[in-house]
Amino acid sequence: MPKLVDHEERRAHIIDALLRTAADSGLHAVTMRSVAIEAGVSVRLVQYYFDTKEQLLLAALTRLAVRMGERVRDRVRAAGSSTAPRAIIEAVLLEAIPTDEESRTFHLVYTEYAVLSVTDPALAGQPFLAAPNEMEGFLVGQLTAAQQAGDTDPRLDARQEAVVLLAVSAGLGLSVLLGQRTADDAAAVLHYHLGRLLSEARASEGL
């Protein structure tokens, strides 16, 4: 009996090859051929699963986004029974700081993708770029909950503060990628800012 082909496994294998190539050489240097070489397969096989480079990039970023979502949920669960808004906000924002190879790859590839999308209409039109807006809305909800719980100034504009938090975390993540500061230093800055914005009383330990 011939061995049945696991198409999802093959797709994942090709996507992982793209991520390794992008992490080593930069997203701009990625081609269908370079991915095929890294994966140890033919270019034709890569094209069988992904018609264009853009499709392959989107699949890789979607895969990373799913994994990053799982990491955030793991952080929240690690907080134990606490579901205070600050604990959740910290869990989300700390994932913007590259602390290991997986998160470094995600932020490096995502940053390069965002830059390329400025000049590439095919990339700019992808729904993946809606994720930052969804994250902003999520943080607005958590900040509003913090206001209702008395953990922050009720006079604050939750949406404006959410925008600031995302800008701060993104900037810190980029500074770690560039080697300007360590991940621990970036996390300390984030904790400092959240300490001024939100009450320490309900902060979760271990985040």
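One can find the structure itself at the top, above this paragraph.
Below you will find a few notes about this structure.

Cut-off values and rules
- Residues numbered from 1 in each chain as written.
- Predicted model: local features only at pLDDT ≥ 70, side-chain atom pairs only at ≥ 80, totals over all residues.
- Heavy atoms only, no water.
- Salt bridge = Lys/Arg side-chain N within 4 Å of Asp/Glu carboxyl O.
- Helix = DSSP H or I, 4+ residues; strand = E, 2+ residues; numbered from the N terminus.
- Buried < 20%, exposed > 50% of the residue type's maximum accessible area, 1.4 Å probe, protein only.
- Core = buried A, V, L, I, M, F, W, Y, C linked by side-chain atoms within 4.5 Å.
- Contact = heavy atoms within 4.5 Å.
- Phe/Tyr/Trp six-rings, centres within 6.5 Å; stacked < 30°, edge-to-face > 60°.
- Expected span 1.5 Å × (residues − 1).
- Polar contact = N/O pair within 3.5 Å; in protein donor to acceptor, adjacent residues only side chain to side chain.

**Some details on the pattern of salt bridges**
Side-chain pairing between opposite charges can occur once the charged atoms of the two side chains come close.
Okay, so step 1: All told, the structure shown has 10 salt bridges when counted by the stated rule.
Okay, so step 2: The shortest N-O distance in the salt bridge between Arg 67 and Glu 102 comes to 2.9 Å. You can see Arg 67 sitting in helix H4 (residues 53-78) and its partner Glu 102 sitting in helix H6 (residues 101-117), a full 35 residues away along the chain.
Okay, so step 3: Taking the shortest distance from any N to any O, the salt bridge between Glu 90 and Arg 86 comes out at 2.7 Å. Linking Glu 90 with Arg 86, this pair stays in helix H5 (residues 85-94), spanning 4 residues, or about one helical turn. The same class applies to Glu 90 and to Arg 86, which are both buried.
Okay, so step 4: Among the ionic contacts, a cluster of salt bridges with common partners joins Arg 67, Glu 70, Arg 71, Glu 95, Asp 100 and Glu 102.

**Overview of the nonpolar core**
Okay, so step 1: Leu 18 and Leu 56 are the most contacted members of the largest nonpolar core, which has 26 residues in total.
Okay, so step 2: Of all the elements in the fold, those that place two or more residues in this core are helix H1 (7-25), helix H2 (32-39), helix H3 (43-49), H4 and H6.
Okay, so step 3: A per-element tally of this core places H4 first, with 8 residues.
Okay, so step 4: With residues up to four places along the chain from it excluded, the contact list for Leu 56 reads Ile 14, Ile 15, Leu 18, Met 32, Val 35, Val 46 and Phe 50.
Okay, so step 5: Formed by 19 residues, the second largest nonpolar core is a distinct cluster that contains Ile 97, Val 140, Ala 146 and Leu 197.

**A look at the environment of Ala 162**
Okay, so step 1: By secondary structure assignment, the location of Ala 162 is in helix H9 (residues 158-177).
Okay, so step 2: Not counting chain neighbours up to four residues away, the residues in contact with Ala 162 comprise Glu 136, Leu 139, Val 140 and Leu 143.

**Focus on the side chain of His 107**
Okay, so step 1: As for its placement among the helices and strands, His 107 is situated in helix H6.
Okay, so step 2: His 107 gets classed as buried once you look at its relative accessible area, which sits at 12%.

**What about the packing of aromatic side chains?**
Okay, so step 1: In this structure the tally under the stated criterion is 2 aromatic pairs.
Okay, so step 2: Relative to Tyr 49, the ring of Tyr 48 lies with its centre 4.9 Å away and its plane at 90°, an arrangement referred to as edge-to-face.
Okay, so step 3: Assessed through its relative accessible area of 57%, Tyr 48 is described here as exposed.
Okay, so step 4: Relative to Tyr 110, the ring of Phe 106 lies with its centre 6.0 Å away and its plane at 15°, an arrangement referred to as stacked. Taken together, the positions of Phe 106 and Tyr 110, both in helix H6 and 4 residues apart, correspond to about one turn of that helix.
Okay, so step 5: A relative accessible area of 11% places Phe 106 in the buried class.

**Quick word on H9**
Okay, so step 1: Spanning 20 residues, H9 covers 29 Å between terminal C-alpha atoms, matching the ideal 28 Å at 1.5 Å per step.
Okay, so step 2: Sitting at the amino-terminal end of H9 is Asp 157, which places a side-chain oxygen 3.1 Å from the backbone nitrogen of Arg 159.
Okay, so step 3: Immediately beyond the C-terminal end of H9, within one or two residues, lies Gly 179, with a positive phi of roughly 80°.

**Here we look at the environment of Leu 178**
Okay, so step 1: The residue Leu 178 is located in the loop between H9 and helix H10 (183-197) in this model.
Okay, so step 2: What makes Leu 178 exposed here is its relative accessible area of 66%.
Okay, so step 3: Residues Leu 178 and Leu 108, spaced 70 residues apart in sequence, show a C-alpha to C-alpha distance of 10.0 Å.

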